[in-house]
Amino acid sequence: ELEGEANDYLGKGLSGGRLVAYPPRIAKFRPEENILAGNAIAYGATSGEIFLRGVVGERFGVRNSGAHAVVEGVGDHGCEYMTGGRVVVLGPTGRNFAAGMSGGIAWVYDPRGLFKLRCNPGMVSLEPADRTDDRAELRALVERHATLTESSLAKDLLARWEAVLPKFVKMKSLDLKKQFKHLYQPSAKKIEAVQVPKLQFAMIDGAIEKDSEPGKSPSFAKATETLYSLSYTLKFMFKKRKTNAVDYPVMALEGLWWVEDGFFDIAVKDNWFYTLMIMQPEIVTREIFEEAREQVRKKKGDSDMLNMARLAYFEEGLCVQTLHIGPYATEPATIDRMKEFMAENGLKDNVGPNGKHHEIYMSDPRKSAPEKMKTVLRHPVAKVKR
């Protein structure tokens, strides 16, 4: 804890613990209008907490990957290349905020509505904080800042919380591959339980034809083609905007599989129903999705599959997953390992009447050797009541 000013690089590489700094208690100036610390504060921090009652210089939180920080104003290039953690700015920012930010969440108090002119929106979405599910997390950080630094600014905001909350802007990375790395890049060496949140997808429902299978099904191939056409059309709609252009990677194809005449058997394929889907960032609204559908229709013609596509949320909840390496035909052995993990950890497999077998296709079967194919296998589970 520091009473006084700090130099550059305070908290550089912070990997735990807590840093608190505030002006001398005898100071007569307003902390939120004066410099407390220098440049590159919290550079490359990986964990821990930082609470600074005052304004800091340039490049605050650059390459932060896990620390939580609250500050009352920052200079240029704040949160540049940030990959994780949480940052709250209770005052103005300099230009180019969030450039290259690929993970974590940042909130900026923006009562005058000027922040959009100072933010680099190339890799983040901007939304009012009062419309998001993590309002409680934001308030908890501001409360902690008020307690540890005795910040009059934080106390004032908390006293008027419901009125000021809509004036906080939330930034979240659009690089879904990095944001949800734990869900889309599991290890093949271990089975793990994960909590899958509500996510947005472009979806198409269908069924495998009699005496066919996914790799030979015409409708499955058409559904796959349609989802990728929509997803890449959406990507380039945002990338080519004249103002506030945004770029983001297209996510992998996923499939939910089930049967309606018994229990799911991965070896019997011509009675399978499916929902194919590709995750979409939150900036894709229903109106924008319909615009993308129309663009695909003009370019490739109308089709039943294109008309069946929809934008919807899917929340899977508690699941067990792992990475399967090899041909689809050898998945049963990996699923047996998953079931052993469930039994050892008091979990029940919900695939069947209450859930669907979930595959995420990390490899292109047209380009990868069967023994090198990578597929994330995920099953919804429930805790066994003892």
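Enquirer: So what about the overall build of the chain? Which residues, and what values?
Expert: Summing up its helical and strand segments, the chain has nine helices and 17 strands in all. C-alpha atoms of the chain, sized along the principal axes, occupy 80 × 55 × 40 Å. Of all 386 residues assigned to the chain, the portion counted as buried reaches 52%. Within the chain, residue pairs in contact and separated by at least 24 positions form 59% of the contacts whose partners lie at least 6 positions apart. Positive and negative side-chain charges of the chain, numbering 56 and 51 respectively, have mean locations separated by a distance of 3 Å.

Enquirer: Can you break down the packing of helix 6 (residues 218–239) against helix 7 (residues 286–300) residue by residue, with the values?
Expert: At a minimum axis distance of 9 Å, the contact between helix 6 and helix 7 shows a crossing angle of 115 degrees. On the basis of the axis angle, helix 6 is roughly perpendicular to helix 7. Crossing of helix 6 against helix 7: the hand is right-handed. Only Ile 288, Phe 289, Glu 291, Ala 292, Arg 293, Gln 295, Val 296 and Lys 300 of helix 7 make contact with helix 6, whose side of the interface consists of Glu 225, Ser 229, Leu 230, Thr 233, Leu 234, Met 237 and Phe 238. Here the contact of helix 6 with helix 7 is composed, by residue class, of eight nonpolar, three polar and four charged.

Enquirer: Explain the state of the cysteines to me, and be specific about the residues and the numbers.
Expert: The final tally for this structure, using the stated rule, is zero disulfides. Considering cysteine sulfurs only, Cys 119 is the nearest to Cys 79, which forms no disulfide, with 9.6 Å between them. Given a relative accessible area of 0%, Cys 79 falls into the buried group. Here Cys 119 falls in the buried class, since its relative accessible area comes to 8%.

Enquirer: Before we move on, could you go through the pattern of salt bridges and cite the residues and values that matter?
Expert: Here the structure, examined in full by the defined rule, presents 19 salt bridges. Linking Arg 139 and Glu 143 is a salt bridge whose minimum nitrogen-to-oxygen distance equals 2.9 Å. Remark: Glu 143 and Arg 139 occur in helix 1 (residues 135–149); sequence separation between them is four residues, near one turn of the helix. Taking the relative accessible area as the measure of exposure, Arg 139 reaches 29% and is therefore partly exposed. A relative accessible area of 34% places Glu 143 in the partly exposed class. Taking the shortest distance from any N to any O, the salt bridge between Lys 235 and Asp 247 comes out at 2.7 Å.

Enquirer: Summarise the layout of surface pockets; cite the residues concerned and give the values.
Expert: There is about 810 Å³ of room inside the largest pocket. For the largest pocket, the lining is made up of 27 residues, of which Phe 220, Thr 224, Leu 253, Tyr 328 and Pro 365 are closest to its centre. Residue assignment for the lining of the largest pocket shows that the elements contributing at least two residues are helix 6, strand 12 (253–258), helix 9 (331–344) and strand 16 (357–361). In terms of residue count, the dominant contributor to the lining of the largest pocket is helix 6 (five residues). Looking at the lining of the largest pocket, its residues break down into 16 nonpolar, four polar and seven charged.

Enquirer: Go over the packing of aromatic side chains, please, and point to the residues and values.
Expert: In the structure shown here, the tally under the stated rule is 12 aromatic pairs. Aromatic pair Trp 258 and Phe 273: ring centres 6.1 Å apart, planes at 20 degrees, arrangement stacked. Placement of the pair is Trp 258 in strand 12 and Phe 273 in strand 13 (residues 273–279), with a sequence separation of 15 residues. Residue classification places Phe 273 among the partly exposed residues on the basis of a relative accessible area of 27%. Both rings, one in Tyr 328 and one in Tyr 361, keep their centres 6.1 Å apart while their planes meet at 85 degrees; by these two values the pair is edge-to-face. Of this pair, Tyr 328 sits in the loop between strand 14 (310–325) and helix 9 while Tyr 361 sits in strand 16, and the two are 33 residues apart along the sequence. Classification of Tyr 328 as partly exposed rests on a relative accessible area of 32%. One aromatic cluster is present, built from ring pairs that chain together Phe 220, Trp 257, Trp 272 and Tyr 274. The side chain of Lys 12 reaches across the aromatic face of Tyr 9, ending 5.0 Å from its centre. Across from the ring centre of Phe 236, 5.9 Å away, lies the NZ or CZ of Lys 235, which sits over that ring.

Enquirer: I'd like a rundown of helix 9, residues and numbers included.
Expert: Helix length check: helix 9 (14 residues) gives 20 Å between terminal C-alpha atoms against 20 Å at 1.5 Å per residue, within 8%. Buried residues of helix 9: Glu 331, Thr 334, Ile 335, Met 338, Phe 341 and Met 342, and no others. Seen end-on, helix 9 carries its buried residues on one side only, within an arc spanning 110 degrees. For helix 9, the exposed residues lying more than 90 degrees away from the buried face are Ala 333, Ala 343 and Glu 344.

Enquirer: I'd like a rundown of unusual backbone geometry, residues and numbers included.
Expert: The bulk of non-glycine residues show a negative phi, and the bulk of peptide bonds are trans. Here Tyr 9, not a glycine, exhibits a phi torsion of approximately 65 degrees, which is positive. Mapped onto the secondary structure, Tyr 9 falls in the loop between strand 1 (2–3) and strand 2 (15–22). Residue classification places Tyr 9 among the partly exposed residues on the basis of a relative accessible area of 46%. Here the phi dihedral of Ala 98 falls at roughly 70 degrees; this positive angle occurs in a residue that is not glycine. Tracing the backbone through its elements, the reader meets Ala 98 in the loop between strand 7 (83–89) and strand 8 (103–109). Judged by relative accessible area, Ala 98 falls into the buried class, the value being 0%.

Conventions adopted
- Residues numbered from 1 in each chain as written.
- Predicted model: local features only at pLDDT ≥ 70, side-chain atom pairs only at ≥ 80, totals over all residues.
- Heavy atoms only, no water.
- Helix = DSSP H or I, 4+ residues; strand = E, 2+ residues; numbered from the N terminus.
- Buried < 20%, exposed > 50% of the residue type's maximum accessible area, 1.4 Å probe, protein only.
- Contact = heavy atoms within 4.5 Å.
- Lys, Arg positive; Asp, Glu negative; His and termini not counted.
- Charge placed at Lys NZ, Arg CZ, Asp CG, Glu CD.
- Axes fitted to C-alpha atoms, helices over the stretch in contact; angles between N-to-C directions.
- Parallel < 35°, antiparallel > 145°, perpendicular 65-115°, else oblique.
- Left-handed = near helix turned anticlockwise from the far one by under 90°.
- Nonpolar A, V, L, I, M, F, W, Y, C, P; charged D, E, K, R; others polar.
- Disulfide = S-S within 2.5 Å.
- Salt bridge = Lys/Arg side-chain N within 4 Å of Asp/Glu carboxyl O.
- 1 Å grid on protein atoms, 1.4 Å probe; cavity = no way out; pocket = protein on both sides within 12 Å on 5 of 7 lines; lining within 4 Å.
- Points joined across faces, edges and corners; volume = space filled by probe spheres on them.
- Phe/Tyr/Trp six-rings, centres within 6.5 Å; stacked < 30°, edge-to-face > 60°.
- Lys NZ or Arg CZ within 6 Å of the ring centre and 35° of its normal.
- Expected span 1.5 Å × (residues − 1).
- Arc of directions from axis to C-beta.

Any link to function would need more than the numbers given here.
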